[in-house]
Amino acid sequence: MEISQVRYFLAVARELNFTRAAEECNVTQPALSRAIKLLEDEFGGALFHRERRHTHLTELSRMVETYLQGVFENSRQAKQLPTSMCI
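What this report covers is the structure whose coordinates are included nearby. (Residues numbered from 1 in each chain as written. Predicted model: local features only at pLDDT ≥ 70, side-chain atom pairs only at ≥ 80, totals over all residues. Heavy atoms only, no water.)

1. Quick look at the pairing of strand S1 (residues 48-51)
Looking at chain direction, S1 and strand S2 (residues 54-57) are connected through four bridges and run antiparallel. Directly across from Phe 48, in S2, lies its bridge partner Leu 57. Where S1 hands over to S2, the hairpin turn is made up of two residues, counted between the paired strands. (Pairing = 2+ DSSP bridges. Helix = DSSP H or I, 4+ residues; strand = E, 2+ residues; numbered from the N terminus.)

In structure tokens, the structure reads:
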């Protein structure tokens, strides 16, 4: 799992739209869809129900969303640590 996949997942979960999520993440929609597909392969199930004009969270995505939000926030906070704290 890559942090970009987590970021893309969270954007789709928030927007419930792959095109808008891709715009928000400054990537192409096919690139975002591929990343979500890889994440789905890793989790072993669909994260989103894709219907014509509607995207819905699956039970799996509802279960992992909180954890992935935590992963993303922890990553963001770790990047802000002062370099003087590193050994």
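2. Focus on helix H2 (residues 18-25)
Of all the positions in H2, only Phe 18, Ala 21, Ala 22 and Cys 25 are classed as buried. Considered in projection along H2, the buried side chains sweep an arc of 100° and stay on one side of the axis. Looking at the buried residues of H2, the elements they touch are helix H1 (3-15), helix H3 (29-43), S1 and S2. N-cap assignment for H2: the residue whose side-chain oxygen lies 3.0 Å from the backbone N of Thr 19 is Asn 17. In the segment just after H2, Asn 26 is the residue with positive phi, at about 60°. (Buried < 20%, exposed > 50% of the residue type's maximum accessible area, 1.4 Å probe, protein only. Arc of directions from axis to C-beta. Contact = heavy atoms within 4.5 Å. Polar contact = N/O pair within 3.5 Å; in protein donor to acceptor, adjacent residues only side chain to side chain.)

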